[in-house]
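Survey of secondary and tertiary structure
Chain by chain, the residues:
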Amino acid sequence: MLEPDPNYFSSFVCSGEIFELKAELNSDKKEKKKEAVKKVIASMTVGKDVSALFPDVVNCMQTDNLELKKLVYLYLMNYAKSQPDMAIMAVNTFVKDCEDPNPLIRALAVRTMGCIRVDKITEYLCEPLRKCLKDEDPYVRKTAAVCVAKLHDINAQLVEDQGFLDTLKDLISDSNPMVVANAVAALSEIAESHPNSNLMDLNPQTINKLLTALNECTEWGQIFILDCLANYTPRDDRESQSICERVTPRLSHANSAVVLSAVKVLMKFMEMLPKDLDYYGTLLKKLAPPLVTLLSAEPELQYVALRNINLIVQRRPEILKHEMKVFFVKYNDPIYVKLEKLDIMIRLASQANIAQVLAELKEYATEVDVDFVRKAVRAIGRCAIKVEQSAERCVSTLLDLIQTKVNYVVQEAIVVIKDIFRKYPNKYESVIATLCENLDSLDEPEARAAMIWIVGEYAERIDNADELLESFLEGFHDESTQVQLQLLTAIVKLFLKKPTETQELVQQVLSLATQDSDNPDLRDRGYIYWRLLSTDPVAAKEVVLAEKPLISEETDLIEPTLLEELICHIGTLASVYHKPPSAFVEGSRGVQHKRLPGSTGLGESLESPDTGSAAGGSDAPPAVIPSQGDLLGDLLNLDLTPPATTGPPPPPTSGMQLGAMDLLGGGLDSLVFFLFLSPRVQLGGDLGGSSMGAGFGAAPAASPASFSAPVSGGLDDLFDLGGGVGMPMGAYNPPKTVWLPAMKGKGLEISGTFARRAGIIQMEMTLINKAMSVMTDFAIQFNRNSFGIAPAGPLQVLTPLSPNQTIEVALPLNTVGPVMKMDPLNNLQVAVKNNIDVFYFSCQYPISVLFVEDGKMERQVFLATWKDIPNDNESQFQIKDCHLNSDAASSKLQGSNIFTIAKRTVDGQDMLYQSMKLTNSIWVLAELRVQAGNPTYTVSIPLRLKEKKAH
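Residues numbered from 1 in each chain as written. Predicted model: local features only at pLDDT ≥ 70, side-chain atom pairs only at ≥ 80, totals over all residues. Heavy atoms only, no water.

**Regarding the overall build of the protein**
How we decide: Helix and strand definitions follow DSSP, with helices as H or I runs of at least four residues and strands as E runs of at least two, each counted in order from the N terminus. Only protein chains enter the area calculation, which uses a 1.4 Å probe; residues under 20% of their type maximum are buried, those over 50% are exposed, and those in between are partly exposed. Surface accessibility follows the Shrake-Rupley procedure with a 1.4 Å probe radius. Residue values consider only the protein chains on display as shielding.
Check the secondary structure of the protein and you find 41 helices and 13 strands. Per-residue burial for the protein yields a buried fraction of 52% across its 951 residues. Of the roughly 43,100 Å² that the protein leaves accessible, carbon and sulfur atoms contribute 51%.

Here it is in structure tokens:
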């Protein structure tokens, strides 16, 4: 190792010194030459420009001194990019050094070659690199493996042409474990930047080699191998168990990164183990100790461990259900560790441990850290909501805290008691009198709003409710919007319960809300209440005093699909941020959405054998509800910068085709019913019926479902029921409808429709500026949806949108976005941003834009598939008022990529056998029966989709 000399770094390169260094570099004395190179490196390190010495330093490469060679290589790496023509001078030396008898020099040469990012040099370095990849010394081979990844980043095509990727794959079978680890690291790096390349072709043989190397390589090599194993999907539960048994010893490793990587592999492969297997229970017990051990590290590592444990507990609470005490807060824990421990305590709270949890939380509520005390009081309320048997004890604990008269404690207690009232109505209202005693001490908006809600909700039980609310009304204009809205609602509730005594009070608050307020939300609510009360008091009572749904026992669980992805990223930044990599990694390069094996990715229950006990005896998994004000779910968290243009969708896997039933939820019968008979089906546009959510019931197989609706703009558009002649036979594109009215868009009106043109889905919009100001900086983003529809590029509004100007925009779409079942199935939630604001709206895309052009199944495959489905699995539907003959209907349908495979006539009835294929590779087969003179078509649909085999 080179020893730094501070004298080198204190020198300045002044005039004449370059000349002196040049002379020293060309000296015949080795020591003088080495000292000169050290001075050059020192000057370079402090930011001085010594590039003029490039040829002189390169001449020093011809030496046997390893220390001097390292210094010269360091200089080369720094200046080769700015002096590419002169850097070629070093090529011969690199080639020579790659054949040096000393393996350290060979490895040093190949490492430096990988760091010199100059295109002119790379092609000269291929042969030396090829030799080093097959070098007899493992140190050289492992260095060369990493060099391939660096070279691939510079010139991917060159690496592929030279066959380096195949050599890299061969190194996975190397006898040296460190070579294997570096080969895996290099292949993983290349595979991340080229997700469709299928470089890591993992199979049982390869996995066995990796597991063998796992026991002998260094800790960082183990991490690379474990991360690679986590991307493998075992064939069955036996293979999954075998891998788990060989990975489990890594849990006792001293390096916390190795432990978390091992936990990630085990959490993923546990999904495939039967829960009644003895080994499953053993594995659960083995996972707890290493996670507990991580909490004895320094605070920063504790925090990372706790964030990962938070995810693990949400997925499998039974792992740590007996380890509650390790999450108890220590007096010297930093606040970020305390808050994370507190959150995990609540997740692990159950009827069995609630007593000790409450005792701890009560202690925390007397701490000096105000933020921590607030969280502790809220945690008591969450315990009451989660574990019903503990609710009374929790309320009693909160009342004790209120008696302390500590202002911020009292206010937090009132906020959580309001939530307890929502969860357990008509059970703990006896404490209202105690709450009212503290009315004057409330100065925080959330606490004041909570107290006002309690008074309004239970006004009939509080004798002086009108006086209490009137006291808040005195400073109405000084209150926050949250308090004003709650006060308005509470007084309206009071009026509906005691109309004779509070008429003057309700008139006063309505006047303040509508005439004296500038807040549009408050004004709108005031007008609604005013009109309700003046036109139909009975209806007002039914609306305002309606029975409220019970609040969820867990409102902060991570959405199941996201949780699955985060479990696959344990030990990475994603598990600390609790966000998928796509949310904080710029661009789409290297970001892949991961799912647990055997998982649908949508709405899967988080239930496991002991979840019930951990959740206070509840059998059903807790529901995830969006937080208050989150009108369009994840859209509020989306990055609205223009998305990077994505490439073509990855080739469909058989898992997607065969997993269609789970992916769409509710079974394939729902999908097929939706495709053909939903009132908003793309095949015919809008039939003017009810919303398409009705299509989610399974159609009865015994008796055909009758489907009749107004034909205006419906199936007549597809089948040409209007009788028009000469209409084009292309796909039906519904007319544009208003998606975002100008009133909601602050002057921006958006109308649009969807179309499929030349195999590309397009969102065609008309943007109208009805405001008085210019609109610029447009961007668009979609929420997750049933078919992964996402923008294929940014929203191209090239010129500013002036007042009263209209512009037509066509946004190309792809189907490689994240998937989540929507209701209705073709619902799309959109966010549009401009220089004024972000606007949200929902629209529905016609399902036929998802029908792809290669949806015509071969006759033999169609016949075999159709025969393979039992007759009992068919459902029949009727479509009325269709006046096309079978040939015209077939041509019309083909325009929307519904292909007729065969046609036969039986007893004067034409039978068309048809196939279509969705963008997610789901095939749909159908039989359409058309009888001359009969305006009713009959559609028969088999309720099982088959994977199309390769022909």
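From this point on, the discussion continues.
**A look at helix H5 (residues 66–79)**
Our working definition: Expected helix span is given by 1.5 Å per residue-to-residue step, counting one fewer step than there are residues. What makes two residues a contact is simply this: any of their non-hydrogen atoms within 4.5 Å.
Its 14 residues place the ends of H5 20 Å apart at the C-alpha level, agreeing with the 20 Å of an ideal helix rising 1.5 Å per residue. Turning to H5, its buried residues number three or more, namely Leu68, Lys69, Leu71, Val72, Tyr73, Tyr75, Leu76 and Tyr79. Contacts made by the buried residues of H5 are with helix H3 (30–45), helix H4 (54–59), helix H7 (91–97) and helix H8 (103–115).

**Describing the pattern of salt bridges**
Note the cut-off: When a carboxyl oxygen of Asp or Glu lies within 4 Å of a side-chain nitrogen of Lys or Arg, that pair is called a salt bridge.
If you walk through the whole model with that rule in mind, you get 32 salt bridges. Close ionic contact of Glu99 with Lys131 constitutes a salt bridge, the shortest N to O distance being 2.7 Å. Note that Glu99 is positioned in the loop between H7 and H8 and Lys131 in helix H10 (residues 126–133), a separation of 32 residues in sequence. Across the salt bridge formed by Arg235 and Glu239, the nearest N and O atoms sit 3.1 Å from each other. A relative accessible area of 10% places Glu239 in the buried class. A single network of salt bridges, built from pairs that share partners, joins Glu271, Arg315, Arg316, Glu318 and Glu564.

**A few points about the sheet that holds strand S11 (residues 909–917)**
Within a beta sheet, neighbouring strands are joined by backbone hydrogen bonds and run either parallel or antiparallel to one another. Where we set the bar: The rule for pairing is simple: two strands pair if DSSP sees at least two bridges between them. Axes here refer to lines fitted to C-alpha atoms; in helices the fit is confined to the stretch in contact. Angles between the N-to-C directions go from 0 to 180 degrees.
One open sheet holds the 5 strands; their spatial order is S9-S13-S12-S11-S10, and the pairing between them is antiparallel. The sheet is open, and its two borders are formed by strand S9 (874–879) and strand S10 (899–906), each paired with just one other strand. Strand-to-strand twist in this sheet, taken as the mean axis angle between neighbours without regard to direction, amounts to 20°. Strand direction decides the pairing type here: S10 and S11, joined by 7 bridges, are antiparallel. Residue pairing across strands places Phe899 opposite Ser915, the latter belonging to S11. Across the sheet, helix H40 (residues 859–868) is in contact with S9, S10, S11, strand S12 (923–931) and strand S13 (937–942); its angle to S12 comes to roughly 90°.

**Things to note about the packing of aromatic side chains**
Using the following cut-off: Here a pair means two rings of Phe, Tyr or Trp (six-membered ring of Trp) with centres within 6.5 Å. Their orientation is stacked below 30 degrees between planes, edge-to-face above 60, and tilted elsewhere.
One pass over the structure, following the stated rule, counts 12 aromatic pairs. Consider the rings of Phe754 and Tyr845, whose centres lie 6.1 Å apart with planes at 70°: the pair is edge-to-face. In this pair, Phe754 sits in strand S2 (residues 748–757) while Tyr845 sits in the loop between strand S8 (838–844) and H40, placing the two residues 91 residues apart along the sequence. We note that Phe754, like Tyr845, is buried. Between Phe862 and Tyr913 the ring centres are 6.3 Å apart and the planes differ by 75°, which places this aromatic pair in the edge-to-face class. Placement of the pair is Phe862 in helix H40 and Tyr913 in strand S11, with a sequence separation of 51 residues. Accessibility expressed as a relative area gives 6% for Phe862, which makes it buried.

**So, the sheet that holds strand S4 (residues 779–782)**
The antiparallel open sheet is built from 3 strands, whose spatial order is S4-S7-S8. Of all strands in the sheet, those with a lone pairing partner are S4 and S8, marking the two edges. Here the strands of the sheet are splayed against their neighbours by 25° on average, with no regard to which way each runs.

**Things to note about unusual backbone geometry**
Omega for the bond connecting Asp823 with Pro824 falls within 30 degrees of zero, at 0°, which places this linkage in the cis form. Inspection of the secondary structure puts Pro824 in the loop between strand S6 (806–814) and strand S7 (827–833). At Asn804, a residue that is not glycine, the phi angle is positive and equals roughly 65°. Mapped onto the secondary structure, Asn804 falls in the loop between strand S5 (790–791) and S6. A relative accessible area of 66% means that Asn804 is categorised as exposed.

**What about the nonpolar core?**
Looking at soluble globular proteins, one finds that nonpolar side chains tend to be buried together. How we decide: Here, nonpolar core refers to any group of buried Ala, Val, Leu, Ile, Met, Phe, Trp, Tyr and Cys residues whose side-chain atoms link them within 4.5 Å.
Formed by 209 residues in total, the largest nonpolar core has its most connected members in Tyr75, Phe94, Leu129, Leu210, Leu361 and Phe421. Each residue touching Leu210, except ones within four places of it in the same chain, is listed here: Ile172, Val180, Val184, Leu202, Ile225, Cys228 and Leu229. By size, the runner-up hydrophobic cluster in this structure holds 53 residues, among which are Val849, Leu893, Leu918 and Ala926.

**Quick notes on the confidence of the model for the protein**
Selection criterion: Confidence of the predictor at the level of single residues is captured by pLDDT, which takes values from 0 to 100.
Model confidence for the protein is summarised by a mean pLDDT of 78, while 82% of its residues fall at 70 or above. The secondary-structure element of the protein with the lowest mean pLDDT is helix H36 (residues 654–658), recorded at 34, while strand S1 (residues 737–740) shows the highest, at 93. Segment residues 9–15 is flagged for pLDDT under 50; beyond a separation of four residues in sequence, or across chains, it makes 9 contacts in the model.

**What to know about the packing of H8 against H10**
The angle between the axes and the distance between the axes are what describe a pair of packed helices. Stated formally: Put simply, angles under 35 degrees are roughly parallel, angles over 145 are roughly antiparallel, angles from 65 to 115 are roughly perpendicular, and the rest are oblique. Rotating anticlockwise by less than a right angle from the far helix to the near helix defines a left-handed crossing, while the corresponding clockwise rotation defines a right-handed one. Note that Gly is not counted as nonpolar here; it falls among the polar residues with everything else outside the nonpolar set of Ala, Val, Leu, Ile, Met, Phe, Trp, Tyr, Cys and Pro and the charged set of Asp, Glu, Lys and Arg.
Running from N to C, H8 and H10 point in directions that differ by 130°, and their axes come no closer than 11 Å. Compared by their axis directions, H8 and H10 come out oblique. The chirality of how H8 crosses H10 is left-handed. In this structure, H8 contributes Arg106, Val110 and Met113 to the contact, and H10 contributes Pro128, Leu129 and Cys132. Broken down by class, the residue content of the contact of H8 with H10 amounts to 5 nonpolar, no polar and 1 charged.

**A word on the environment of Gln482**
If you trace the backbone, Gln482 turns up in helix H29 (residues 481–497). Spatially, the C-alpha atom of Gln482 lies 9.4 Å from that of Leu522, the residues being 40 residues apart in sequence. If we ignore the near neighbours within four places in the chain, the residues touching Gln482 are Pro445, Glu446 and Ala449.

**Re the packing of helix H23 (residues 370–386) against helix H24 (residues 391–403)**
The contact between H23 and H24 brings their axes to 8 Å, and the two run at 160°. Regarding the angle of H23 to H24, the classification is roughly antiparallel. Taken as a pair, H23 and H24 cross one another with a handedness that is left-handed. Of the residues in H24, those in contact with Val377, Ile380, Cys383 and Ala384 of H23 are Ala391, Cys394, Thr397, Leu398 and Leu401. Of the residues belonging to the contact of H23 with H24, the class tally is 8 nonpolar, 1 polar and no charged.

**As for a nonpolar patch on the surface**
Worth spelling out the cut-off: Residues enter a patch when their relative accessible area is above 30% and they make no salt bridge; the linking distance is 9 Å between like charges and 5 Å between nonpolar side chains (Val, Leu, Ile, Met, Phe, Trp, Tyr).
A contiguous nonpolar patch, built from Leu573, Tyr577, Phe584 and Val585 and spanning about 330 Å² of accessible area, is present on the exposed surface. By the secondary structure assignment, Phe584 is in the loop between helix H34 (573–577) and helix H35 (611–614).

**Structural notes on the pairing of S4**
A regular strand places its side chains so that they alternate between the two faces of the sheet. Both faces of S4 are covered, namely the face carrying Ala779 and Gln781 and the face carrying Ile780 and Phe782. Relative to S7, S4 runs antiparallel, the two sharing 4 bridges. Residue Ala779 lies in a different strand from S7, and its bridge partner there is Lys833.

**Looking at the pairing of S13**
Burial runs high along S13: 6 of the 6 residues are buried. Residues Tyr937, Val939 and Ile941 point to one face of S13 and Thr938, Ser940 and Pro942 to the other, with burial holding for every one of them. Summarising the sheet, S12 and S13 pair through 3 bridges and their orientation is antiparallel. Its bridge partner lying in S13, Glu927 is registered against Ser940. Between the end of S12 and the start of S13, which pair antiparallel, lie 5 residues, with Gly933 showing a positive phi angle near 85°.

**Some thoughts on a negative patch on the surface**
Condition: None of His or the chain ends enter the tally, which takes Lys and Arg as positive and Asp and Glu as negative. In plain terms, the charge of a residue is placed at NZ if it is Lys, CZ if Arg, CG if Asp and CD if Glu.
A surface patch of like charges, here negative, comprises Glu467, Glu470, Glu474 and Glu504. By the element assignment, Glu504 lies in helix H30 (residues 503–514).

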